[in-house]
Amino acid sequence: MTMVKYCASCGSNLEVRVIDGEERQACPNCSFVHWGSYSVGVGALVVRDGKMLLVRRAQEPGKGYWTNPGGYIEQHEPIHSTIEREVKEEAGVEARTIGIVAVRDQPRDIHNVYIAFEMEYVSGEPVPDQFEVDGAGFFSPEEIAGMNVAPFTKWLADIAFNGQTGGLEKDDENEPQFRHAGLFKVPTRTSR
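Reading the values: rules and limits
- Residues numbered from 1 in each chain as written.
- Predicted model: local features only at pLDDT ≥ 70, side-chain atom pairs only at ≥ 80, totals over all residues.
- Heavy atoms only, no water.
- Helix = DSSP H or I, 4+ residues; strand = E, 2+ residues; numbered from the N terminus.
- Buried < 20%, exposed > 50% of the residue type's maximum accessible area, 1.4 Å probe, protein only.
- Polar contact = N/O pair within 3.5 Å; in protein donor to acceptor, adjacent residues only side chain to side chain.
- Salt bridge = Lys/Arg side-chain N within 4 Å of Asp/Glu carboxyl O.

Describing the side chain of Thr97
Piece 1. Relative to the helices and strands, Thr97 is located in strand β8 (residues 94-106).
Piece 2. Overall, Thr97 belongs to the buried group, its relative accessible area being 5%.
Piece 3. From its side chain, Thr97 meets the backbone oxygen of His80 in a polar contact 3.4 Å long.
Piece 4. A distance of 2.9 Å separates polar atoms of two side chains, one belonging to Thr97 and the other to Glu84.

Have a look at this one:
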């Protein structure tokens, strides 16, 4: 359990209490409960002409490894906008979200959920940002096999090259009624 010391609402020292069968940090003076620490990452699977977009990490974690472009969501940014922004920032490529094709759940001190998106290439040639990444390009499965590719990215590349396309698709039709929500659903039989 990550130790948070002070209440985010009133500033009091937190104490450990059993809530919903789990030890949690809670405020003795107000209703605040620290439910845990979480992060949500997103990754892009962009394939053009049988080659997948990869970037080489210039910073830790993963410095020197080739990975798919990605990053962490911003507080008020829809996840599909996050991944489109990350692809543009890291690789100079414009791509459009098609759907969610993989999810990784990594429980640890900061519980990480990673959502991989199938992306449609729109425009641009790969150019690294020279900050987060120092290399970018489209690579074939054969080229990837001989590169220093992160193990998780190898798993995602297999999905990009061999998985069924589409995954959970973006539901633009119903999004307006659920204001500020990004909706993804299993495709209907007629939409494929």
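Digging into the pattern of salt bridges
Piece 1. Per the stated rule, a full pass over the model turns up 10 salt bridges.
Piece 2. Among the ionic pairs, Arg56 bridges to Asp134, the shortest N-O distance being 2.7 Å. With Arg56 in strand β5 (residues 51-57) and Asp134 in strand β10 (residues 133-139), this pair connects stretches of sequence that are 78 residues apart.
Piece 3. Look at Asp134 and you get partly exposed, because its relative accessible area is 33%.
Piece 4. Put simply, Arg85 and Glu86 hold a salt bridge, and the shortest N to O gap is 3.3 Å.
Piece 5. Residues joined by salt bridges that share partners form a network here, namely Glu77, Arg85, Glu86 and Glu89.

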